[in-house]
Amino acid sequence: MDNTVVIDHPLIQHKLTYIRDKNTGTKEFRELVREVGTLMAFETTRNLPLQEKEIETPLGPTRCHVVSGKKLGVVPILRAGLGMVEGIVGLIPGARVGHIGLYRDPETLEPVEYYCKLPSDLEQRDLIVIDPMLATGGSAAAAIEIIKKKGGKRVSLLVLLAAPEGIERVHRNFPEVTIFTAAIDEKLNEKGYIVPGLGDAGDRLYGTR
Ligand code: PRP
Ligand code: URA
């Protein structure tokens, strides 16, 4: 699918299998989601620009590279997106973190906004919206819309699992947004859950039901 990157690194696929497994408990689920967040951030930041830096090794001076001062922002969609934040900002400590609170109405499956706090210099940042699940795509599309309305310009989306319907919806509204995912699953069921998926990401992360 255009502008969609499936990050199929063996370590990610291995961990994803245990994340999907219904016998994986809350503690291990949370650890695995955090770890996969780190591994996926590694891949989504592959094209970060570098700049030269002169340093001295114990053997003498040399010119090396460091990541140039590009400003990044990470925007988890509450609640489940929080599960991936620590894994990502551990790798990119300079990133600012915004939060968008959305829940899916169980009847209409449409997102309802309940919280929004974003970095003030949004337009200067490369923004990564994060959420483990891209199901109907309503939540991700709403989050991107909120960010764009507040001045965000360069946005990408990082999810663990995507349904074809979600990818289609995000790209219908925002064709320029690159979607990074660890897998594209088969379909949605009648309740809007990804099949085979992993169940309810928020409930599995936080032990609620
Ligand atoms: C889940 C998930 C996404 C959304 C995906 O959140 O974390 O945000 O559903 O579904 P969609 O693509 O059809 O919008 P949920 O609404 O269950 O809230 P939670 O994170 O607080 O559990
Ligand atoms: N939200 C989830 O947590 N899981 C799904 O499969 C779909 C939406």
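Throughout what follows, the structure given in this document is the object of discussion. (Residues numbered from 1 in each chain as written. Chains lettered and ligands numbered in written order. Predicted model: local features only at pLDDT ≥ 70, side-chain atom pairs only at ≥ 80, totals over all residues. Heavy atoms only, no water.)

## Some remarks on helix H5 (residues 164–173)
Logical step 1: Taken as a whole, H5 has its buried residues at Gly-166, Ile-167, Val-170 and His-171. Along the long axis of H5, the arc covered by the buried residues comes to 120 degrees, so they all point the same way.
Logical step 2: On its buried face, H5 sits against strand E1 (4–6), strand E9 (133–134), helix H4 (138–149), strand E10 (154–162) and strand E11 (178–184). (Buried < 20%, exposed > 50% of the residue type's maximum accessible area, 1.4 Å probe, protein only. Helix = DSSP H or I, 4+ residues; strand = E, 2+ residues; numbered from the N terminus. Arc of directions from axis to C-beta. Contact = heavy atoms within 4.5 Å.)

## Digging into the pattern of salt bridges
Logical step 1: Under the definition given, this model contains 14 salt bridges.
Logical step 2: The closest approach of N and O atoms between Glu-110 and Arg-169, which form a salt bridge, is 3.1 Å. Here the residue Glu-110 occupies a position in the loop between strand E6 (99–104) and strand E7 (111–117), and Arg-169 occupies one in helix H5, the gap between them amounting to 59 residues.
Logical step 3: Among the salt bridges present, the one from Arg-154 reaches Asp-126, with a minimum N-O distance of 2.4 Å. Taken as a pair, Arg-154 in strand E10 and Asp-126 in strand E8 (residues 126–130) lie far apart in primary sequence, 28 residues in all.
Logical step 4: Looking at Arg-154, the relative accessible area reads 38%, which means it is partly exposed.
Logical step 5: A relative accessible area of 18% places Asp-126 in the buried class.
Logical step 6: Each member of the salt-bridge network shares a partner with another, and the members are Glu-52, Glu-54 and Arg-63. (Salt bridge = Lys/Arg side-chain N within 4 Å of Asp/Glu carboxyl O.)

## Brief notes about the packing of H4 against H5
Logical step 1: Closest axis-to-axis distance for the H4/H5 pair is 8 Å, and the angle between their directions is 25 degrees. In this view, H4 runs roughly parallel relative to H5, as classed from their interaxial angle. With respect to the hand of their crossing, H4 and H5 are arranged in right-handed fashion. Along its contact with H4, which presents Gly-138, Ala-140, Ala-141 and Ile-144, the element H5 presents Arg-169, Val-170 and Asn-173.
Logical step 2: Among the residues making up the contact of H4 with H5, the classes are represented as four nonpolar, two polar and one charged. (Axes fitted to C-alpha atoms, helices over the stretch in contact; angles between N-to-C directions. Parallel < 35°, antiparallel > 145°, perpendicular 65-115°, else oblique. Left-handed = near helix turned anticlockwise from the far one by under 90°. Nonpolar A, V, L, I, M, F, W, Y, C, P; charged D, E, K, R; others polar.)

## Some points on the site of ligand 2
Logical step 1: What surrounds ligand 2 is the set Arg-104, Met-133, Ala-135, Gly-192, Tyr-193, Ile-194, Gly-199, Asp-200 and Ala-201.
Logical step 2: Here Gly-199 contributes a backbone N or O atom positioned 2.8 Å from a nitrogen atom of ligand 2.
Logical step 3: Ala-201 is positioned with one of its backbone polar atoms (N or O) 2.8 Å from an oxygen atom of ligand 2.
Logical step 4: Its residues assigned to classes, the shell around ligand 2 comprises five nonpolar, two polar and two charged. (Near = heavy atom within 4 Å. Polar contact = N/O pair within 3.5 Å; in protein donor to acceptor, adjacent residues only side chain to side chain.)

## Some thoughts on helix H3 (residues 82–89)
Logical step 1: Counting buried positions along H3 gives six out of eight residues, so the element sits mostly inside the fold.
Logical step 2: Taken as a whole, H3 has its buried residues at Gly-83, Met-84, Val-85, Gly-87, Ile-88 and Val-89.
Logical step 3: On its buried face, H3 is in contact with helix H2 (26–44), strand E4 (72–78), strand E5 (96–97), E8, E10 and helix H6 (201–206).

## With respect to the site of ligand 1
Logical step 1: The environment of ligand 1 is made up of 14 residues, and the closest members are Arg-104, Asp-131, Thr-136, Gly-137 and Ser-139.
Logical step 2: One of the backbone N or O atoms of Ala-135 is found 2.9 Å from an oxygen atom in ligand 1.
Logical step 3: Gly-137 is positioned with one of its backbone polar atoms (N or O) 2.8 Å from an oxygen atom of ligand 1.
Logical step 4: Considering ligand 1 on its own, with 500 Å² of exposed area, one finds that the protein chains cover 90% of that surface.
Logical step 5: Listed by contribution, the elements that provide at least two residues to the shell around ligand 1 are E6, E9 and H4.
Logical step 6: Partitioned by chemical class, the residues of the shell around ligand 1 number six nonpolar, five polar and three charged. (Areas by Shrake-Rupley, 256 points an atom, 1.4 Å probe, with all protein chains shown as cover.)

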